[in-house]
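# An overview of the molecular structure
Residues per chain are reported as follows:
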Amino acid sequence: MNYLDQNGLKHLIEKIRAEIKAQGGQASGTETKTPLNIAWDQVRAIVQAGQAAETFSIGDTFVSNHSDYGEILWDIIGFNRDTAVDGSPYTMTLQTHNVLPRYVFDQREGFYYAESGLSADSWFGYLPYGKHPNRFANSTFQINLNEEIPYNSVFVMDWKDDQPLSDAVIYVYKEGTSTPIQTIPILGNTSNGYELYISSYPDCGLGNNSWKKSCMYQYLNEQNRISTSQLDLPYKDVFRGFSKGFDADFLSALGKFRVAEHNVETGSTVWTEELFSLPSLGNVNAGQSCSEDTVVYDAFSGETDEIAAQKRIKTRNGDFAPYLLRSPVQDTYNRVYYVASNGTISSAYACTEMGFSPICCIM
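Residues numbered from 1 in each chain as written. Predicted model: local features only at pLDDT ≥ 70, side-chain atom pairs only at ≥ 80, totals over all residues. Heavy atoms only, no water.

## Looking at the overall build of the chain
Counting secondary structure elements, the chain contains six helices and 20 strands. Counting every position in the chain, which comprises 363 residues, the buried fraction comes to 50%. A total accessible area of about 16,000 Å² is found for the chain, and carbon and sulfur atoms account for 45% of it. (Helix = DSSP H or I, 4+ residues; strand = E, 2+ residues; numbered from the N terminus. Buried < 20%, exposed > 50% of the residue type's maximum accessible area, 1.4 Å probe, protein only. Areas by Shrake-Rupley, 256 points an atom, 1.4 Å probe, with all protein chains shown as cover.)

Structural data, given as structure tokens:
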């Protein structure tokens, strides 16, 4: 960052205010935005001087370049709302103006790992009690294999809450691949043939709503997707980390901030330190996902539910589009909240493909 003394900072702020005035102010909501033509090191200098709220307004827009997504517009949604990891006293929070392409909160997870392969025979297994209350405890299921299952294969069950077990199917993946090599129907609650010894049945193939374990968290905050177990599957293609696509000048203006989210498995709050995140229920003025989810960004605060919903609406390619939140639905292990296309709050399975609108902090 170029060093600015008080006189230089004053002139910079005057220049920026003149540019904003010349533009007639920034458009709001889903309207077309004209991004401010300001270098990122200058934006950061204003934030660090504690002058951001006096210089910019909620809804003002900047632009960055990303090698995968092209130009990304960023709206200011909050001043001094987040806690900087490095102790910076001033922060300015940005969120993408538009919804980015579909991704999953978390990929489907397997329930069985065929370390030694399986012969073409009849097999059955016992399902341990699932994490969702609608799962059947200790039910058996049977499958008939018409061909051998290769070693190091992962079994993923596609089983919806409102379906009987006999309507589910099993997808077989070769370890490290994202395309199933076989689809196997389930023949019902019987136990003929050889037994599959199942040690884990975490999410019945619907993904996990734990934020820190999710594909989305790893995509936004890790350099590459990291598998946490043999039952993890890659999401279609191996994506490099989100931050790797940005120019260095944009990344140099950002800093890590503290994020709180409820973990359903432990019943406690998990704190993370993130460069990019998804907003939470509390952030968008839609309730709280945990007692620590208290930060409401200025762009969504102080309004009725109806007006807050209008402020949450975003678009993708000109159409209203839903986008994921990082908050889990607390009475399940596989559903997460999202902002619907009309700005209201709904929920979906963690493995559902949906757009996302990340946040970050200048500090």
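## Some points on the packing of aromatic side chains
For the structure on display, the rule yields 23 aromatic pairs. Between Phe 111 and Phe 155 the ring centres are 6.2 Å apart and the planes differ by 70°, which places this aromatic pair in the edge-to-face class. In this pair, Phe 111 sits in the loop between β4 (100-104) and β5 (112-114) while Phe 155 sits in strand β8 (residues 153-158), placing the two residues 44 residues apart along the sequence. Comparing Phe 111 with Phe 155, the two get one shared label, buried. Between Trp 123 and Tyr 194, the ring centres sit 5.3 Å apart and the planes meet at 45°, which makes this aromatic pair tilted. With Trp 123 in strand β6 (residues 122-126) and Tyr 194 in strand β11 (residues 194-196), the pair connects residues that are 71 residues apart, well separated along the chain. With relative accessibility at 10%, the residue Trp 123 sits in the buried group. Chaining the aromatic ring pairs together yields one cluster made of Trp 40, Phe 56, Phe 62, Tyr 69, Trp 74, Tyr 103, Tyr 219, Phe 242, Phe 246, Phe 250, Phe 276 and Phe 356. (Phe/Tyr/Trp six-rings, centres within 6.5 Å; stacked < 30°, edge-to-face > 60°.)

## Quick notes on the environment of Glu 306
Locating Glu 306 in the fold gives a position in helix α6 (residues 305-312). Among the residues examined, Glu 306 registers a relative accessible area of 59% and is labelled exposed. Measuring from C-alpha to C-alpha, the distance between Glu 306 and Thr 344 comes to 8.5 Å, with 38 residues separating the pair along the chain.

## Thoughts on the nonpolar core
Counting 64 residues, the largest nonpolar core has Phe 56, Phe 62 and Met 92 as the members making the most contacts within it. Those residues in contact with Phe 56 that sit more than four places away from it in its chain are Ile 16, Ile 20, Leu 36, Ile 38, Val 43, Ile 46, Phe 62, Ile 76, Phe 79 and Met 92. The next biggest cluster of nonpolar side chains, apart from the first, holds 21 residues, and it includes Tyr 112, Ile 149, Phe 155 and Ile 170. (Core = buried A, V, L, I, M, F, W, Y, C linked by side-chain atoms within 4.5 Å. Contact = heavy atoms within 4.5 Å.)

## What about the sheet that holds strand β10 (residues 182-185)?
Sheets are built from strands paired through backbone hydrogen bonds, the pairs being either parallel or antiparallel. Reading across the sheet, the four strands line up as β5-β8-β9-β10 and stay open at both edges, with antiparallel pairing between neighbours. Either end of the sheet is taken by a strand with one partner, and the two such strands are β5 and β10. Within the sheet, the average angular offset between the axes of one strand and its neighbour, ignoring direction, is 30°. As paired elements, β8 and strand β9 (residues 169-174) share six bridges and run antiparallel to each other. Counterpart to Val 154 in the pairing with β9 is Tyr 173. (Pairing = 2+ DSSP bridges. Axes fitted to C-alpha atoms, helices over the stretch in contact; angles between N-to-C directions.)

## Digging into the pairing of strand β2 (residues 70-79)
Among the ten residues that make up β2, eight are buried, leaving the element largely enclosed by the rest of the structure. As judged from the six bridges shared by strand β1 (residues 61-66) and β2, these two strands associate in the antiparallel manner. Following the sheet pairing, Asn 65 is matched in β2 by Glu 71. The pairing of β2 with strand β3 (residues 92-96) spans five bridges and is classified as antiparallel. Across the sheet, Phe 79 pairs through a bridge with Met 92, a residue of β3.

## Observations concerning helix α1 (residues 6-22)
The first and last C-alpha atoms of α1 sit 24 Å apart over 17 residues, in line with the 24 Å expected at 1.5 Å per residue. Each element contacted by the buried residues of α1 is listed here: α2 (40-48) and α3 (52-55). (Expected span 1.5 Å × (residues − 1).)

## Thoughts on the sheet that holds β2
A sheet is described by the order of its strands in space; here four strands give the open sequence β1-β2-β3-β20, paired in antiparallel fashion. Every interior strand has two partners, whereas the edge strands, β1 and β20 (359-362), have only one. The sheet shows a mean angle of 40° between the axes of neighbouring strands, taken without regard to direction. Taken together, the four bridges between β3 and β20 define a ladder with antiparallel strand orientation. Residue Leu 94 lies in a different strand from β20, and its bridge partner there is Cys 360.

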